[in-house]
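Spelled out, the chains give:
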Amino acid sequence: MSIRIVIVDDHPAVRMGIRRFLKKIPDIEVVGEAGNGTMALELVDELKPDMLLLDVELPDIKGFEVAKRLHEKKSQTKILAISAYSDRQYILGMLTNGAAGYLVKDDVPDSIHQAIQSISRGTWGWLSPIASQMLHPSGPPTV
Amino acid sequence: MDMEKIRVIIADDHPITRAGIKRFLEKAADIDVVGEADNGEDALQLVANLSPHVLLLDMEMPVKKGVDVAREIQATGAPVKILALSTYDDKQYIYGLLSTGASGYLTKEEIPETIIDAVRGVAKGEKGWVSRRVAAAITSWTTDNPSGKTDLSRRELEVLEQVVLGKTNQEIGYGMGISQKTVEKHLESIYSKMGVASRVEAAVLAVRVGLVGN
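Residues numbered from 1 in each chain as written. Chains lettered and ligands numbered in written order. Predicted model: local features only at pLDDT ≥ 70, side-chain atom pairs only at ≥ 80, totals over all residues. Heavy atoms only, no water.

**Overview of the overall build of chain A**
When helices and strands are tallied, chain A shows 6 helices and 6 strands. Written out in order from the N terminus, the α and β elements of chain A read β-α-β-α-β-α-β-α-β-α-β-α. Here chain A has a C-alpha radius of gyration of 14 Å; the compact-globule value for 143 residues is 15 Å, and the two agree. With respect to the three principal axes, the spread of C-alpha positions in chain A is 40 × 30 × 30 Å. For chain A, the proportion of contacts with a sequence separation of at least 24, taken over those separated by at least 6, is 62%. Accessible area for chain A stands at about 6600 Å²; split by element, carbon and sulfur atoms hold 51% of it. Positive and negative side-chain charges in chain A, numbering 16 and 18 respectively, have mean positions lying 3 Å apart. (Helix = DSSP H or I, 4+ residues; strand = E, 2+ residues; numbered from the N terminus. Rg over C-alpha atoms; globule rule 2.2 N^0.38 Å. Contact = heavy atoms within 4.5 Å. Areas by Shrake-Rupley, 256 points an atom, 1.4 Å probe, with all protein chains shown as cover. Lys, Arg positive; Asp, Glu negative; His and termini not counted. Charge placed at Lys NZ, Arg CZ, Asp CG, Glu CD.)

Structure representation (structure tokens):
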């Protein structure tokens, strides 16, 4: 069965770019897109996707807050944060608010498939190479 | 007869953004993405090698920032039209870019149709393609400094009108019957009152806030 995904990013070009990369992967289906946090929460309610690819810097509700609200509601939708930022506070902020992984946008082409697969299998704390480097400069490799 | 396609180079450091923009542009049969660059230096190289009609230029890029890329292109006199496509709506980015003679400044919230229209527009030589958010920001900066709108003398407004029309100082002077030196003096005063640093910035602001007709 395919992994049903909703993409959340305020830039249509980024949503389209992510879609393009996901299209190459057979076991993944993009079922919706949202351009802000409010719409993301509505789509999760409505579509109950397996995973939310969630940008951090959104125009209305920030990614941290979206993740927190879903976590508080005990939503079954897993969250993979996708952001241009690799700041430690962003990574930790998303993980502590309920995201299962953090993928820096520059890592998307090489890592997005692995990220989605790992998180859908139940991994928590998945980090893309750049995010991992930021949290563990000399430490363990990506989960 | 087939129309020549608009040849575009996309410069952005994020592969997913480039992929998305490319996908958008592929919807337009008259646009051809001929190259992609992930940093400013490569963008300059591609412009030199491929002679595109339009460069879609991100502002925050490694090696060389978008504004510096635009400045270098302006210095070489390459005919490529520059359209910024940026996450940021900061004054320094917008003014910095538009003052290089770039044709427009879009933010990345834009839908594909707007990006396509802007590419077509700037390829035809149109200027001042800015996103609504950018236009609003420019207006608010001028409103914050209302002297720019109220203090211009009648003569300065006449000069500004000619600047918007793309006239050189010599042409303005000839048309108004004043010396080039006097035109320069008027311009200095206009820049100071409007809080801008160049004729392009003055022209963009003037049109945006309705100081003169477009």
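Here the narrative resumes, following the displayed structure.
**Re the sheet that holds strand β6 (residues 126–127) of chain A**
Residue and element names in this part refer to chain A. With parallel pairing, 6 strands are arranged side by side in an open sheet as β2-β1-β3-β4-β5-β6. Either end of the sheet is taken by a strand with one partner, and the two such strands are β2 (28–34) and β6. Taken together, the 4 bridges between strand β1 (residues 3–8) and strand β3 (residues 51–54) define a ladder with parallel strand orientation. Considered in β3, the bridge of V6 is made with L52. Against the sheet, helix α2 (residues 37–47) makes contact with β1, β2 and β3, and its axis sits at roughly 135° relative to β2, the strand it touches most. Seen against the sheet, helix α4 (residues 88–96) touches β3, β4 (78–83), β5 (101–104) and β6 and runs at an angle of roughly 150° to β5. (Pairing = 2+ DSSP bridges. Axes fitted to C-alpha atoms, helices over the stretch in contact; angles between N-to-C directions.)

**Side note on the sheet that holds strand β6 (residues 129–130) of chain B**
Within a sheet, neighbouring strands are paired by backbone hydrogen bonds and run either parallel or antiparallel to one another. Residue and element names in this part refer to chain B. Pairing within the open sheet is parallel, and its 6 strands lie in the order β2-β1-β3-β4-β5-β6. Strand pairing shows two members of the sheet lacking a second neighbour, β2 (31–37) and β6, which therefore form its edges. Note: strand β4 (residues 81–86) against strand β5 (residues 104–107), 4 bridges, orientation parallel. Across the sheet, S86 pairs through a bridge with T107, a residue of β5.

**Remarks on the interface of chain A and chain B**
At the junction of the two partners, chain A supplies 15 residues and chain B supplies 18 residues. Of the roughly 1400 Å² buried between chain A and chain B on both sides combined, carbon and sulfur atoms contribute 71%. Between the two partners, chain A and chain B, sit 1 salt bridge. Note that E26 of chain B is salt-bridged to R20 of chain A, the shortest N-O span being 2.9 Å. Of all the secondary structure elements, the ones that give two or more residues to the side of chain A that touches chain B are α1 (12–23) and α5 (108–120) of chain A. With 8 residues, α1 of chain A is the largest single contributor of residues to the side of chain A that touches chain B. Its residues assigned to classes, the side of chain A that touches chain B comprises 9 nonpolar, 2 polar and 4 charged. (Buried area = accessible area lost by both parts, 1.4 Å probe. Salt bridge = Lys/Arg side-chain N within 4 Å of Asp/Glu carboxyl O. Nonpolar A, V, L, I, M, F, W, Y, C, P; charged D, E, K, R; others polar.)

**Re the environment of P79 of chain B**
With respect to the element layout, P79 of chain B can be found in the loop between α3 (66–76) and β4. Separated by 27 residues in the primary sequence, P79 of chain B and P52 of chain B place their C-alpha atoms 8.6 Å from one another.

**Here we look at the side chain of S111 of chain A**
Residues and elements named next belong to chain A. Following the sequence through the fold, S111 ends up in helix α5. For S111, a relative accessible area of 6% corresponds to the buried category. The residues touching S111, leaving out its near neighbours within four places in the chain, are L103, W126 and P129. (Buried < 20%, exposed > 50% of the residue type's maximum accessible area, 1.4 Å probe, protein only.)

**A word on the packing of helix α8 (residues 154–164) of chain B against helix α10 (residues 180–194) of chain B**
A pair of packed helices is characterised by two quantities: the angle between their axes and the separation of those axes. Residue and element names in this part refer to chain B. Packing of α8 against α10 brings their axes to within 10 Å, and their N-to-C directions diverge by 95°. As the angle between them shows, α8 and α10 are arranged roughly perpendicular. Of α10, the residues touching α8 (which contributes R155, E156, V159, L160 and V163) are V183, H186, L187, S189, I190, K193 and M194. (Parallel < 35°, antiparallel > 145°, perpendicular 65-115°, else oblique.)

**Overview of the side chain of T100 of chain B**
Tracing the backbone through its elements, the reader meets T100 of chain B in the loop between α4 (91–98) and β5. When near neighbours in sequence (up to four residues on either side) are disregarded, T100 of chain B contacts V67, A70, R71 and Q74 of chain B.

**So, the pattern of salt bridges**
The tally for this structure, following the rule as stated, stands at 23 salt bridges over all chains. A salt bridge links K64 of chain B to E72 of chain B, with the nearest nitrogen and oxygen atoms 2.8 Å apart.

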